[in-house]
Amino acid sequence: MPITILPPKAFRDQPPRRNLNHDSDDVMSDATSDSEDSDSQPGGVSLDGGVTIHPRKRRSAAAASSTFTKRPKTNVTSSVPRSAIVTPGERITTDPQWMRGHGTYLSSASLGEQAITSSLAGIVMRTNKLLSVRPLRARYTPEVGDLVVGRIVEVQAKRWRVDVGSTQLAALPLSAINLPGGILRKRTETDELQIRTFFAEGDLVVAEVQQLFQDGGAVLHTRSLKYGKLRNGVFMAVSGTGGGGGVVRSRRQVWTLEAANNGGPIDVILGVNGYVWISKHVEPVVPEEAKGQTGITNLEEVVSATMYSSQNDRIEPETMREIARIRGVITALVENGLRVDEDMVTKGYNEAVELALVSADGPEDVYLGGERGEQLAAALTAV
């Protein structure tokens, strides 16, 4: 039996079906009419079936600023000022371009940001993109080649323990000193038994840092004519290279100053660790039988023969007065936050001599504290 398929009847309430292509054109035209008035090229579907897509026009600056907010640029100079004094827990910067160094740690800030915060009281130091805090007062950190002044606090079997103002006691091995007479030989048990004849507890020595341990300990040596036991002078302790005013590393740490008012030559030793020694300059005494012999070897033998003596020589009152004046100059430099080196000490001593001449007591006036010290520091900074 044949099957007859009849077309469907159209309902009166249903709207007539539109062409797909024309309907797409209407939709795209409506979308285009909602865009900006300046866009006069609407996109859509062509009669051939292709899709034409026009690039979207950029928004105006006013519209962009109303939707997005730009992150403000951080001013490097204003965010981390040079030589700014900070306290523990004080936030230094939140700029992610900086790296933290010694004396700082990372803490959480607002909006999930990390802030570099100071862990101690000191001065902010910038090295390229590295931020660190140098403490105002800190213990000495040894470095190889530093000239230090220390005090023997303990005598052991083959070495001495020396206080150099660091976190640990430094070690001075028996093999790192010159034997009396300049003899070069291996240390024996006899030398170990006579170890207190070289250095005993309480002796002051000047030495050089030869080696460092991983835990921060230092090894010293005195294999030079300018190193050894100290005598004929006065010891003082000031701040070292930890920060602020104090002894700094310079070209020369040891020099001889020609004192005024018949004071004679005076030796000044500025230890990098902040320990200072001021003493009368003593020329080596050459015996009569050795005067005809010349050479640096003979001089070393003569000097090393008397270098372990603990007997002080006679010091004239004029020399003692000038030693006290130099000590007052160094104290005034430290109290006023100035560096202590050969140049500043020499200029400060000459200025102190001029101040004493105009005082009522004359050259006998060696006081440089209080207002006198501030006057001295002002004269040095004005030069």
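Basis of the calculations
- Residues numbered from 1 in each chain as written.
- Predicted model: local features only at pLDDT ≥ 70, side-chain atom pairs only at ≥ 80, totals over all residues.
- Heavy atoms only, no water.
- Buried < 20%, exposed > 50% of the residue type's maximum accessible area, 1.4 Å probe, protein only.
- Helix = DSSP H or I, 4+ residues; strand = E, 2+ residues; numbered from the N terminus.
- Pairing = 2+ DSSP bridges.
- Salt bridge = Lys/Arg side-chain N within 4 Å of Asp/Glu carboxyl O.
- Contact = heavy atoms within 4.5 Å.

**Q** Please provide a residue-by-residue account of the pairing of strand β19 (residues 275-280), values included.
**A** Taking burial as the measure, the six residues of β19 include six buried ones, the bulk of the element. Here strand β16 (residues 233-237) pairs with β19 via five bridges, running antiparallel. If you follow Ala237 over to β19, its bridge partner there is Tyr275. Counted between consecutive antiparallel strands, the loop separating strand β18 (residues 264-270) from β19 contains four residues, among which Gly274 sits at a positive phi close to 95 degrees.

**Q** Account for the sheet that holds strand β9 (residues 130-135), naming residues and giving values.
**A** Reading across the sheet, the four strands line up as β3-β8-β9-β5 and stay open at both edges, with mixed pairing between neighbours. At either margin of the open sheet sits one strand with a lone partner, and together these are β3 (85-86) and β5 (99-100). Sheet topology note: the strand β8 (residues 122-127)/β9 ladder contains six bridges and is antiparallel. Within the sheet, the bridge partner assigned to Gly122 lies in β9 and is Pro135.

**Q** Outline the pattern of salt bridges, supporting the account with residue identities and numerical values.
**A** Side chains that differ in sign of charge can pair as their charged atoms come close. The tally for this structure, following the rule as stated, stands at 17 salt bridges. Its salt-bridge partner being Asp146, residue Arg249 comes within 2.9 Å of it at the nearest N-O pair. You can see Arg249 sitting in the loop between β16 and β17 (254-259) and its partner Asp146 sitting in the loop between β9 and β10 (147-155), a full 103 residues away along the chain. Lys229 is the partner of Asp203 in a salt bridge, and the nearest nitrogen-oxygen pair spans 3.4 Å.

**Q** So what's going on with the environment of Leu147? Residues and values would help.
**A** Within the secondary structure layout, Leu147 lies in strand β10. Along the primary structure Leu147 and Val206 are separated by 59 residues, whereas in three dimensions their C-alpha atoms are 7.2 Å apart. Those residues in contact with Leu147 that sit more than four places away from it in its chain are Val206, Ala207, Tyr227, Gln253, Val254, Ile269, Leu270, Gly271 and Val272.

The values reported here are purely geometric and, on their own, carry no functional implication.
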